[in-house]
Amino acid sequence: MGGISTLSASKHWHNIPTLAFPNNSRILNQFNDKITSIQFNHTFKSSGKENPFFCFALDASRESIPPLVVVGSANADLYVEIDRLPKEGETISAKTGQILAGGKGANQAVCGAKLAYPTYFLGQVGDDANGKLITDALEGGGVCLDRLSRLDDVPTGHAVVMLQAGGQNSIIIVGGANMACWPQTLPEEDLEVIKNAGIVLLQREIPDSVNIQVAKVAGSALVPVILDAGGVDAPIPIELFSFVDIFSPNESELARLTNMPTETFAQISQAVGKCHKMGVKQVLVKLGAKGAIFFTEEKEPIIQPVISAPKVIDTTGAGDTFTASFAVALVEGKSKQECLRFAAAAASLCVQVKGAIPSMPDRKSVLDLLQSL
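Everything quoted here is computed from the prediction, not taken from an experiment. (Residues numbered from 1 in each chain as written. Predicted model: local features only at pLDDT ≥ 70, side-chain atom pairs only at ≥ 80, totals over all residues. Heavy atoms only, no water.)

S.K.: Is there a simple way to think about the layout of surface pockets in this case?
M.R.: Unoccupied space between atoms shows up once a probe the size of one water molecule is rolled over them. Volume-wise, the largest pocket comes out at about 1300 Å³. Elements supplying a minimum of two residues to the lining of the largest pocket: strand E4 (75-81), helix H3 (104-114), strand E8 (157-163), strand E9 (169-174), strand E11 (225-231), helix H8 (251-258), helix H10 (318-331) and helix H11 (336-350). By residue number, the principal contributor to the lining of the largest pocket is E9, which donates 5 residues. For the lining of the largest pocket, the residue count by class is 17 nonpolar, 19 polar and 10 charged. (1 Å grid on protein atoms, 1.4 Å probe; cavity = no way out; pocket = protein on both sides within 12 Å on 5 of 7 lines; lining within 4 Å. Points joined across faces, edges and corners; volume = space filled by probe spheres on them. Helix = DSSP H or I, 4+ residues; strand = E, 2+ residues; numbered from the N terminus. Nonpolar A, V, L, I, M, F, W, Y, C, P; charged D, E, K, R; others polar.)

Written out as structure tokens, the structure is:
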């Protein structure tokens, strides 16, 4: 697919037919208000040097912005703070417990919206209290929910997040509405949103059949597709790979999907080579505290060191923040190096706050961090 190279070559916005988005004017006005409230001066100086990150400021005068479209999951996350994971047959007590909105799709959508970029979320929730929790969180984050479906007879997806000291977590997911009752063919209104997107984000917490359909539609419209590997522990269909522009696993997901070790740079490179053979030319590997590496077939990889946080509170949602922030910078026409640095700054801010959606940073905070480095 040529979507990424075509997009990266231009710094201009694509035009979105207004008819494709019935509420486009409302959404654009909402995001223009966000952007206008953040004052970016292209001649801003600090310590006698021009701000090298002015290019991440949005131009509120642009009237038509191709949205980030996230198709994916939405979960109610039950957080339990524990000192350690229980052993087999053992019962332990948690320090605290609370329910927060999450799910990889919802996380990425809120991240895009909080970065002041127009964002649509296509997904499913149940008509229950958890569904309302997620809907309120998405709306509060500024996400357009015109294409969110509410199911009567299926509960909202949920997850148990076991948060240990140092911010590391283990997660168990119950699919619920994320995995149930998807139409065999998505409604035409959903397809129009996808066709007119600037970029599409997918994950693996919804059925592969839905992801394949979305990726095909996006590909036919030359819309770039990023597939986050997080979600079900199962092989990825080759058909899905063939419609993906950028595949984004973390190191453990890469190891599991390729059945290869990923402990060293050389091992990661070999595992990525296997992904290339499966049909995906660009692979963004997230390495947590070790940063990230962007691989393009037959090119030198781009290494992005981690931007260290003063204190790590919770790593839940950090990968989603990285992927979504990278996507926002990419659709804005930034270079891969700029995209990686922007994403690293956003992820650094994310891990300093408990919860997935609550931890998503806004654009000003990311720019301030980049300026301080």
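S.K.: Help me understand the UniProt feature "active site" (unreviewed entry) in the protein in this model?
M.R.: Following the UniProt record, the feature "active site" (unreviewed entry) maps to Asp320 here. Looking at the element boundaries, aspartate 320 is found in helix H10. (UniProt positions renumbered as here; feature names shortened; annotations may be inferred.)

S.K.: When you look at the packing of aromatic side chains in this model, what are you seeing that I'm missing?
M.R.: Tallying each qualifying case throughout the model produces 3 aromatic pairs. A ring pair is formed by phenylalanine 265 and phenylalanine 295, whose centres lie 6.3 Å apart and whose planes are at 25°; its orientation type is stacked. With phenylalanine 265 in helix H9 (residues 265-277) and phenylalanine 295 in strand E14 (residues 292-296), this pair connects stretches of sequence that are 30 residues apart. According to the relative accessible area criterion, phenylalanine 265 is partly exposed, its value standing at 40%. (Phe/Tyr/Trp six-rings, centres within 6.5 Å; stacked < 30°, edge-to-face > 60°. Buried < 20%, exposed > 50% of the residue type's maximum accessible area, 1.4 Å probe, protein only.)

S.K.: Can you walk me through the nonpolar core in this structure?
M.R.: One recurring pattern in soluble globular proteins: nonpolar side chains tend to sit buried together. Within the largest apolar cluster, 51 residues are counted, with the highest numbers of intra-cluster contacts made by Phe121, Leu138 and Phe326. When residues in this core are grouped by element, the largest group, 9 residues, is from H11. If you look at the next biggest cluster of nonpolar residues, it comprises 40 residues, including Trp182, Val193, Ile194 and Cys275. (Core = buried A, V, L, I, M, F, W, Y, C linked by side-chain atoms within 4.5 Å.)

S.K.: Quick question: what am I supposed to make of the UniProt feature "binding site: substrate" (unreviewed entry) in the protein here?
M.R.: Mapped onto the present numbering, the UniProt feature "binding site: substrate" (unreviewed entry) falls at Asn75, Ala76, Asp77, Gly103, Lys104, Gly105, Ala106, Asn107, Glu205 and Asp320. Of the annotated positions named here, the largest pocket is lined by Asn75, Asp77, Gly103, Lys104, Asn107, Glu205 and Asp320. Within the secondary structure, glycine 103 is located in the loop between strand E5 (97-102) and H3. A relative accessible area of 5% means that glycine 103 is categorised as buried. Topologically, lysine 104 is positioned in helix H3.

S.K.: Would you explain the side chain of glutamine 203 in this entry?
M.R.: Considering the arrangement of structural elements, one finds glutamine 203 in strand E10 (residues 199-204). The exposure class of glutamine 203 is buried, given its relative accessible area of 0%. Among the polar contacts listed, one links the side chain of glutamine 203 to the side chain of glutamine 108, at a separation of 3.1 Å. (Polar contact = N/O pair within 3.5 Å; in protein donor to acceptor, adjacent residues only side chain to side chain.)

S.K.: When you look at helix H4 (residues 129-140) in this model, what are you seeing that I'm missing?
M.R.: The α-helix winds at 3.6 residues per turn, so residues separated by three or four positions along the chain end up facing the same way. When the terminal C-alpha atoms of H4 are compared, their 16 Å separation across 12 residues agrees well with the 16 Å that a helix rising 1.5 Å per residue should span. Three or more residues of H4 are buried, namely Gly131, Ile134, Thr135 and Leu138. Buried residues of H4, viewed axially, fall in a sector of 100°; they line one side. Away from the buried face of H4 by more than 90 degrees, exposed residues Ala129, Lys132 and Gly140 are located. In the core, the buried residues of H4 are packed alongside E4, E5, H3, strand E6 (119-126) and strand E7 (148-151). (Expected span 1.5 Å × (residues − 1). Arc of directions from axis to C-beta. Contact = heavy atoms within 4.5 Å.)

S.K.: What's the story with unusual backbone geometry in this structure? I'm lost.
M.R.: The phi angle at asparagine 259 is positive, at roughly 60°, despite the residue not being glycine. Mapped onto the elements, asparagine 259 comes out in the loop between H8 and H9. Relative accessible area serves as the criterion here: at 71%, asparagine 259 is assigned to the exposed category. For glutamate 298, which is not a glycine, the phi torsion comes out positive at approximately 65°. Note that glutamate 298 resides in the loop between E14 and strand E15 (302-304).

S.K.: Can you help me understand the pattern of salt bridges in this one?
M.R.: When their charged atoms lie close together, side chains carrying opposite charge are able to pair. Overall, the coordinates contain 18 salt bridges when judged by the stated rule. Glutamate 251 is the partner of lysine 290 in a salt bridge, and the nearest nitrogen-oxygen pair spans 3.1 Å. Placement of the pair is lysine 290 in the loop between strand E13 (282-286) and E14 and glutamate 251 in helix H8, with a sequence separation of 39 residues. Among the salt bridges present, the one from aspartate 368 reaches lysine 364, with a minimum N-O distance of 2.9 Å. Of this pair, aspartate 368 and lysine 364 both sit in helix H12 (residues 363-372), 4 residues apart, roughly one helical turn. By relative accessible area, aspartate 368 is classed as partly exposed at 41%. Residue lysine 364 is classed as partly exposed on the basis of its relative accessible area, which comes to 42%. Here the salt bridges share partners, and the residues they tie into one network are Lys104, Asp228, Lys286 and Asp320. (Salt bridge = Lys/Arg side-chain N within 4 Å of Asp/Glu carboxyl O.)

S.K.: Just to check I follow, could you spell out the sheet that holds E5 for this structure?
M.R.: Pairing between sheet strands relies on hydrogen bonds along the backbone, with the strands arranged either parallel or antiparallel. Across the sheet, 4 strands lie side by side as E5-E4-E8-E9; this open sheet has mixed pairing. Both outer strands of the open sheet, E5 and E9, are each paired with one neighbouring strand and no more. Going from strand to strand, the sheet's axes swing by 25° on average, the running direction of each strand aside. Direction of pairing for E4 relative to E5: antiparallel, over a ladder of 6 bridges. (Pairing = 2+ DSSP bridges. Axes fitted to C-alpha atoms, helices over the stretch in contact; angles between N-to-C directions.)

S.K.: Just to check I follow, could you spell out the sheet that holds E14 for this structure?
M.R.: Sheet architecture is open: 9 strands sit in the order E7-E6-E3-E10-E11-E12-E13-E14-E15, paired in mixed fashion. This sheet does not close on itself; its edge strands, each paired only once, are E7 and E15. Each adjacent strand pair in this sheet contributes to an overall mean axis angle of 15°, direction not counted. Where strand E3 (residues 68-71) lies against E10, 4 bridges are found, and the strand directions are parallel. Residue valine 70 lies in a different strand from E10, and its bridge partner there is leucine 201. Against the sheet, helix H6 (residues 208-220) engages E3, E10 and E11, with an angle of about 165° to E10. Against the sheet, H9 touches strand E12 (246-248), E13, E14 and E15, its axis set at about 40° to E14.

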